[in-house]
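Observations on the three-dimensional arrangement
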Amino acid sequence: MGRLGFLGCAGALILAVIVVGGYFVGVRNNLVGLDEQVNQQWAQVENQYQRRFDLIPNLVRTVQGAADFEKSTLEAVIDARSRVGQVQAPAGLTLPNDPAAMEQFAQAQQGLSGALSRLLVVVERYPELKANQNFLELQSQLEGTENRIAVERQRYNTAAQQFNTAVRRFPASIVANLSGFEQKAYFRGVAGSEQVPGVEFDFGTMR
């Protein structure tokens, strides 16, 4: 091979490396952007769930003040709230990156939704609560939070779908594998998780 031929091959190789490297960087940067969108949207989901979590102690204290209110209904709400607080992803992971933890989180949150729904149904039997301004305000805040939760969950699933699609497409999937990107877990409802077992609680321990 002559000198010109050698230089031609070397130039072609360098050009190929530049093209492939540019493609790799471009795809990886796009995945990083999509990953951040998923993380940002998941933070919005967590914010709304935290808002609901924080409203419950005041709701329980208000309802507990009603004469002869059904203790088992309050216990179910407190139990479900406790279960939500116990769900965590393994060290180094977030819930969207751990399908098993995400499923547990969804089940715990749906259990809490079911317990709160039953509490609000029982309240219909207590005219003094239905006329209590503090309770009505808390009920309104909970209803608004539930609506925002539904919206943010849908937005999260949309962001996760966009990321997962990008990760699975060939040849971008090669870049994703080499860069350590994995598919995100979707937030799904869990059938039957609204069944919360009754347990004994000391209402004074509610924080």
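Whatever comes next refers back to the structure up there.
Quick caveat, the model's predicted, so the values are computed rather than measured. Numbering of residues begins from 1 in every chain and follows the order in which that chain's sequence is written. Totals for whole chains, interfaces and linings use every residue, but because this is a predicted model, local features are given only for residues with pLDDT of at least 70 and side-chain atom pairs only at 80 or more, for both listing and counting. To obtain the side-chain values, all non-hydrogen atoms of the structure were included, while hydrogens and water were left out.

**Describing the overall build of the protein**
Each helix is a run of H or I in the DSSP string that is no shorter than four residues. Each strand is a run of E no shorter than two, and both are numbered from the N terminus. Of the regular secondary structure elements, the protein holds six helices and zero strands. Along the protein, helices and strands appear, N-terminal first, in the series α-α-α-α-α-α. Within the protein, the fraction of its 207 residues that count as buried is 39%. Any pair of residues with heavy atoms lying within 4.5 Å of one another is described as a contacting pair. Here the analysis covers contacts within the protein between residues at least 6 apart in sequence; of these, 82% occur between residues at least 24 apart. Where accessible areas are quoted, they stem from the Shrake-Rupley method and a 1.4 Å probe; at the residue level, only the protein chains shown are allowed to cover. Counting every atom, the protein has about 12000 Å² of accessible surface; 54% of that belongs to carbon and sulfur. We call a residue buried when its accessible area falls under 20% of the maximum for its residue type, exposed when it is over 50%, and partly exposed in between, using a 1.4 Å probe and counting protein chains only.

**Brief notes about the packing of aromatic side chains**
Aromatic pairing here means that ring centres of Phe, Tyr or Trp (its six-membered ring) are within 6.5 Å. Orientation follows from the plane angle: under 30 degrees is stacked, over 60 is edge-to-face, and everything else is tilted. Here the structure, examined in full by the defined rule, presents eight aromatic pairs. Here W42 and F187 contribute two aromatic rings whose centre-to-centre distance is 6.1 Å and whose plane-to-plane angle is 35°, an arrangement assigned as tilted. Of this pair, W42 sits in helix α1 (residues 3–64) while F187 is found in the segment after α6 (172–179), placing the two residues 145 residues apart along the sequence. Each of the two residues, W42 as well as F187, counts as buried. Joined through ring pairs, the aromatic side chains of W42, Y49, F105, Y156 and F187 make up one cluster. Geometrically, a charge over a ring is one whose NZ (Lys) or CZ (Arg) sits within 6 Å of the ring centre while staying within 35 degrees of the ring normal. Here the basic side chain of R81 rests over the ring of F53, its NZ or CZ set 3.8 Å away from the ring centre. The residue whose ring lies beneath K184 is F163, and the NZ or CZ to ring-centre distance is 5.2 Å.

**What about unusual backbone geometry?**
Residue F170 is joined to P171 through a cis peptide bond whose omega torsion reads 5°. In this structure, P171 sits in the loop between α5 (133–168) and α6.

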